[in-house]
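Okay, here's what each chain looks like letter by letter:
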Amino acid sequence: MKALCSVANEVSNGLNWVVKRIRAPRFLSVINLAFSSSVYEEDDDSGVGEYLSLNNSLRDGGSRATGQPGHSHNSFPSACSHRQSNYRVPFSRDQRAVDNEMSTIEYILTKQGWDFGLLNGFGVELNEANVIKALNVIFDESGSAAHSLRFFGWLHHKIGLEPTIKVFCTMIFIVVCGNMNHRVVDLLDDFIQDHPEEDGQEHLLLRALEEIPAGRKVKAIVYSMLVKCYVDRDMTTAAVTVVWQMERLGIFPSKGVCNLLIRSLLRSIQEDLVWDLLDLLWSQGMLDASLINPLVSFYCSKDGFHCGWKLLMDMQKFGVKPDVVGYTIVIQSLCKASRLKGATSVVFKMIQTGVHPDLVLLGTLINGYCTVDRPKEALCIAHYFMVSPTIYMYHSFISLFCKFGDMAEASNIFLEMSESGLHPDCFIYSTIINGCCKVGDTKKALQWLGRMWKCGVKPSVTTFTILIQHCCQSGAMTMAEHVFCYMTDEGLVADIVVYNILMNGYGKRGDLHKVFQLLGMMRPAGVSPDTVTYNILIHSLISRGFVRKAKDIFDELIHRGFSPDVITFSDLINGFSDRGDFQEAFDLWYTMSKYDTSPDVVTCSALLSGYCRACRMDEASAMFDRMLNACLIPDLILYNTMIRGFCRIGNITHACGLIRMMIEKNLMPNEVTYRALVLGYEKKMVDNASGAALFKLQCILAEYGLLYWG
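Source: prediction; values computed, not measured.

Details of the side chain of S430
- Examined against the element boundaries, S430 turns out to sit in helix α20 (residues 426-438).
- On the basis of relative accessible area, S430 is assigned to the buried category, the value being 5%.
- Among all residues touching S430, those that are not within four sequence positions of it are S460, T463 and I466.

Regarding helix α24 (residues 496-509)
- Relative to the 20 Å expected for 14 residues at 1.5 Å per residue, α24 spans 20 Å between its end C-alpha atoms, a close match to the ideal helical length.
- Where α24 is buried, its residues contact α22 (461-473), α23 (477-489), α25 (512-522) and α26 (531-543).
- At the exit of α24 stands G510, carrying a positive phi of roughly 80°.

Topic: a positive patch on the surface
- Side chains of K443, K444, R451 and K454 sit close together on the surface and give a patch of like positive charge.
- On the basis of relative accessible area, R451 is assigned to the partly exposed category, the value being 36%.

Digging into unusual backbone geometry
- Phi at M386 is positive, roughly 55°, even though this residue is not glycine.
- Position of M386 relative to the elements: it lies in the loop between α17 (375-384) and α18 (391-403).
- A positive phi angle is found at C631, which is not glycine, with a value near 65°.
- If you trace the backbone, C631 turns up in the loop between α31 (617-629) and α32 (636-648).
- A residue is classified by how much of its surface remains accessible, and C631, at 67% relative accessible area, is exposed.

Some points on the packing of helix α30 (residues 601-613) against α32
- Closest axis-to-axis distance for the α30/α32 pair is 9 Å, and the angle between their directions is 15°. Classified by the angle between their axes, α30 and α32 sit roughly parallel to one another. Classified by chirality, the crossing of α32 by α30 is left-handed. Facing V601, S605, L608, S609, C612 and R613 of α30, the residues of α32 in contact are L638, T641, M642, G645 and R648.
- Looking at side-chain class alone, the contact of α30 with α32 contains 5 nonpolar, 4 polar and 2 charged residues.

Observations concerning α23
- In this model, α23 (13 residues) spans 18 Å end to end at C-alpha, consistent with the 18 Å of a helix rising 1.5 Å per residue.
- Residues M477, A480, V483, F484 and M487 constitute the buried set of α23. Relative to the axis of α23, the buried residues are bounded by an arc of 115° and lie together on one face. More than 90 degrees from the buried face of α23, the exposed residues found are T478, H482 and D489.
- The elements touched by buried residues of α23 are α22, α24 and α25.
- Of the residues one or two after α23, G491 is the one with positive phi, at around 85°.

Some words on the confidence of the model for the protein
- For the protein, the average pLDDT comes to 81, and 84% of its residues sit at 70 or higher.
- Counting interchain partners and residues more than four positions distant, the pLDDT-below-50 stretch residues 2-84 has 224 contacts.

Considering the pattern of salt bridges
- One pass over the full model with this rule turns up 18 salt bridges.
- Of the charged contacts, one joins K317 and D314 as a salt bridge, the two residues approaching to 3.3 Å between their closest N and O atoms.
- A residue is classified by how much of its surface remains accessible, and K317, at 63% relative accessible area, is exposed.
- One salt bridge connects R675 with E671, and the closest N-O pair in it is separated by 2.9 Å. Here R675 and its partner E671 are both found in helix α34 (residues 671-683), 4 residues apart, which amounts to about one turn of the helix.
- Taken together, the salt bridges that share partners define one network made up of K310, D314 and K317.

Let's talk about the packing of aromatic side chains
- Taken as a whole, this structure holds 20 aromatic pairs when the rule is applied.
- Judged by centre distance (5.7 Å) and plane angle (35°), the rings of F151 and W154 are tilted. Of the two residues, F151 and W154 are both situated in helix α4 (residues 145-157); the distance of 3 residues between them amounts to about one turn of the helix.
- Ring centres of F586 and Y590 lie 6.0 Å apart, and the angle between their planes is 25°; this geometry places the pair in the stacked category. With a gap of 4 residues between them, F586 and Y590 both fall in helix α29 (residues 582-591), about one helical turn apart.
- By relative accessible area, which is 18% here, F586 ends up buried.
- Through a chain of ring-to-ring contacts, three or more aromatic side chains come together here, namely F582, F586, Y590 and Y611.

Scoring rules and cut-offs
- Residues numbered from 1 in each chain as written.
- Predicted model: local features only at pLDDT ≥ 70, side-chain atom pairs only at ≥ 80, totals over all residues.
- Heavy atoms only, no water.
- Helix = DSSP H or I, 4+ residues; strand = E, 2+ residues; numbered from the N terminus.
- Buried < 20%, exposed > 50% of the residue type's maximum accessible area, 1.4 Å probe, protein only.
- Contact = heavy atoms within 4.5 Å.
- Expected span 1.5 Å × (residues − 1).
- Patch = residues over 30% accessible without salt bridge, like charges linked within 9 Å, V, L, I, M, F, W, Y side chains within 5 Å.
- Areas by Shrake-Rupley, 256 points an atom, 1.4 Å probe, with all protein chains shown as cover.
- Salt bridge = Lys/Arg side-chain N within 4 Å of Asp/Glu carboxyl O.
- Lys, Arg positive; Asp, Glu negative; His and termini not counted.
- Charge placed at Lys NZ, Arg CZ, Asp CG, Glu CD.
- Axes fitted to C-alpha atoms, helices over the stretch in contact; angles between N-to-C directions.
- Parallel < 35°, antiparallel > 145°, perpendicular 65-115°, else oblique.
- Left-handed = near helix turned anticlockwise from the far one by under 90°.
- Nonpolar A, V, L, I, M, F, W, Y, C, P; charged D, E, K, R; others polar.
- Arc of directions from axis to C-beta.
- pLDDT = per-residue confidence, 0-100.
- Phe/Tyr/Trp six-rings, centres within 6.5 Å; stacked < 30°, edge-to-face > 60°.

Next up, the structure:
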């Protein structure tokens, strides 16, 4: 078996994958991993997080016997006495049930010589042997592990008696024999919490468990649950120690627990221990694909798909047939690597081996095609394997066709979904409406909105936001206002996004009255402006020339505790630069660092444009060099701004130097560049400035083996 480990060092040509299954493993039940079934006792409705409540004579007898909890002269030495334990026991809110249960316990123990009427003690020494005997007698006589557990909790919480490890283990086995395995998990978990791995208590616990006389099946259940508790707390060393102890006793953990342990070991990169565990399971005939799949996943994520794929194929050499989970791991990895052809071929190869794909596998493959924007192939896969797509799959298809502007195909998918009995929700309708808006088909978008109402699906704020944004972008502000009013009439509350979209639309038209009217509507509606809102106000004011008013809005933004961003600063710097107020522009420039904001290309362009308009090219050149030193990459607009600035003062040489620089940055001169050169030659009083500019551009481009388009 361990020969499989060699695949970790083998790299073959083929598939490349990364793995992690998106649903819980099908071979493992997440409930009751350590045992196949659990029969609940009549107190199963009891909460395990509350302590035992005693009644009348027993509660009084307990206090008389001990004086104060934890200091009884009847206490016996505890291997755990250095730490106060806190074991969870059943608790019933039905006091009558508790009374009946305690009466039964008293009756049973009275027959064994216990006397609960004594003022000091019970007539029986509370040593380890007597407590163990009492627990067993209560279980044997009552036939209920719940009674023994109740007595165990009473001794611990009311009498103050710390149980020895042997008493604790006896209680564990009684609870398992009484089919109360859920209580065992609580008790073991409490023990592990109270006695960490570094204390060495797991060795004492294992020795005590081994000494308890019990059948192999019962011991296998107890040890399996102990392994699970250690794994749940990431104590893998202790868990492995328990497994080796089980091997010595000739018992083995359940497959579910082994799977959890394997995954835990792989998370801590202990693959050698995993191989040792797989060797053990193989020798006992317990090995199957579900136990190897985590290792396949590990190798795929660690070394690429080669080792994982080799391991999956080599399973058959050891009598283990790969299952659909393993193939799903492969396919998911290939899809993540966008190797969809390979993923599809794996599906057909799997079918040839007699393993049939399930919905998870096919959904993974379909999602892989959707992820790389290939919805038609995804649909072909679904139709070929006769998969009934879920509403989420249909939404993925519709979303992709809308993204590509193929609204006809999106409508066909919508129709197919409706005919299959699935009812489109608001999200799907909104996606189609958004697709119509993207292709500029406002009429169709409104028709879908009407169809949505007709089918009883109420539009959301998002649906109306899509329509309002489309109207604003197309300049149809009257339509946008109608949609906004319709939305509010339907009882929907517009959010900050809706208000910002409308304000931006009116701001672009220069309708400042409407912009501030919307701002006034926000506060009564319970909507607070954000940084985007203030940026829209500032930009709208600057566009109309109200730079000082925009600066006042900037001051209000800061006063209200908002942090201005690079857009805020860029707009204001551009406004002051256009007016030639460079001192104010530079003050804002240096203020940016105070708000952890750095200038970008747009900010630099705003300042450079002002310098160029003012023909202050020395300062513009210094700013341009400073921008390059800051690793900001100028765009074509910025180059043309600088070229035009130099041409306005007749400096053709510097302008041509910038043209060469932009060509070296793979930015080609355009009509704006040519017009700037024409202006430069006109400033130099050159006859036929247009011809001279064209000739100069052709010469510069020829230096790089290029031809000017003009």
